[in-house]
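Close look at the chain arrangement
The lines below spell out each chain.
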Amino acid sequence: MTSAHDAATVGPEVIGTLTAAGVATVYEAAGRRGLIDVDLVQVVPGSRVAGPARTVRCGQGDNRAVHEAMTLVRPGEVLVLTMPEPAPVALIGELLATQAKVAGAAGILVDAAVRDVDDLRALGLPVWARWCRVRGATKRERGSLDVPVPVGGATVEPGDIVVLDADGAVVVRRTSADDVVAATRSRMAKETGLRARLAGGEFSYDLHGLRTRDEADGR
């Protein structure tokens, strides 16, 4: 268990770009890789965050590892909480989330359930979860911290950058972050240009060359 992957080692310009771009743009810019392909509840509406992952693999139906993880969270990190099999068991509620907020976490991704939803919204720390359920977790298994964890068809490794917003979540490999950021900035610039032309009355059917291709095919 180490803080070698904490937010201080990720440039603020990287986090700022990925946060501003959002999940859909980052996913496309990354070559449609890294999608966390599950339905997620955005507990705090309007939330949008990015940050290096602090990963937690709990025992099944157990959140003892989450309590331990709170002692290690560094400012700017995104906690990624998992179990061997996703299930509607609440791994966090208001009291654990309060600890994460005090530690400076950017947000929490829970591949299980959360509870105390009204209190979580009032707290304001961005949280995404598969479910909102009252069923509580046990505290018998220590679990594992700072290990690769599977979430929604993707694998999140400690220090990978997790991007979350109303569209869901995507993970960017730490080793490819610079390339993805460059591609993201290029895509954002292109979309800005397209947005201006569409607002001026042009059609994406023409701007993407689809009309020309269809006419060449005799359609």
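Check the entry above for the structure.
Let me sum up the structure you'll find in this document. Counting restarts for each chain, with residues numbered from 1 along the sequence as it is written. Selection of residues for local features in this predicted model requires a pLDDT of at least 70, selection of side-chain atom pairs for listing and counting requires 80 or more, and totals for whole chains, interfaces and linings are taken over all residues. Side-chain numbers come from the whole structure's heavy atoms, not from hydrogens or water.

Quick look at the pairing of strand E7 (residues 127-132)
Pairing analysis gives two bridges linking strand E2 (residues 41-42) to E7, with the strands arranged antiparallel. By the bridge assignment, Val41 is partnered in E7 with Ala129. By definition, two strands form a pair when at least two bridges between them are found by DSSP. Secondary structure is summarised from DSSP: a helix means a run of H or I of at least four residues, a strand means a run of E of at least two, and numbering begins at the N terminus for each. One ladder, built from five bridges, connects strand E6 (residues 107-114) with E7; its direction is parallel. When the sheet's bridge partners are listed, Val110 is paired in E7 with Ala129. Seen with its strands pointing away from the viewer, a crossover is right-handed when the path leading from the first strand over the helix to the second is clockwise. With respect to chirality, the unit in which E6 leads through helix H5 (residues 117-123) into the neighbouring parallel E7 is right-handed.

Structural notes on the pattern of salt bridges
A pairing counts as a salt bridge when a side-chain nitrogen of Lys or Arg comes within 4 Å of a carboxyl oxygen of Asp or Glu. In the structure shown here, the tally under the stated rule is 10 salt bridges. Between Asp165 and Arg48 there is a salt bridge; the shortest N-O distance is 3.8 Å. Of the two residues, Asp165 sits in strand E11 (residues 161-165) while Arg48 sits in the loop between E2 and strand E3 (49-57), which places them 117 residues apart along the sequence. Relative accessibility under 20% of the residue-type maximum defines a buried residue, over 50% an exposed one, and the middle range a partly exposed one, all with a 1.4 Å probe and only protein chains included. The class for Arg48 is partly exposed, based on a relative accessible area of 40%. Among the charged side chains, a network of salt bridges with common partners joins Arg54, Glu77 and Asp146.

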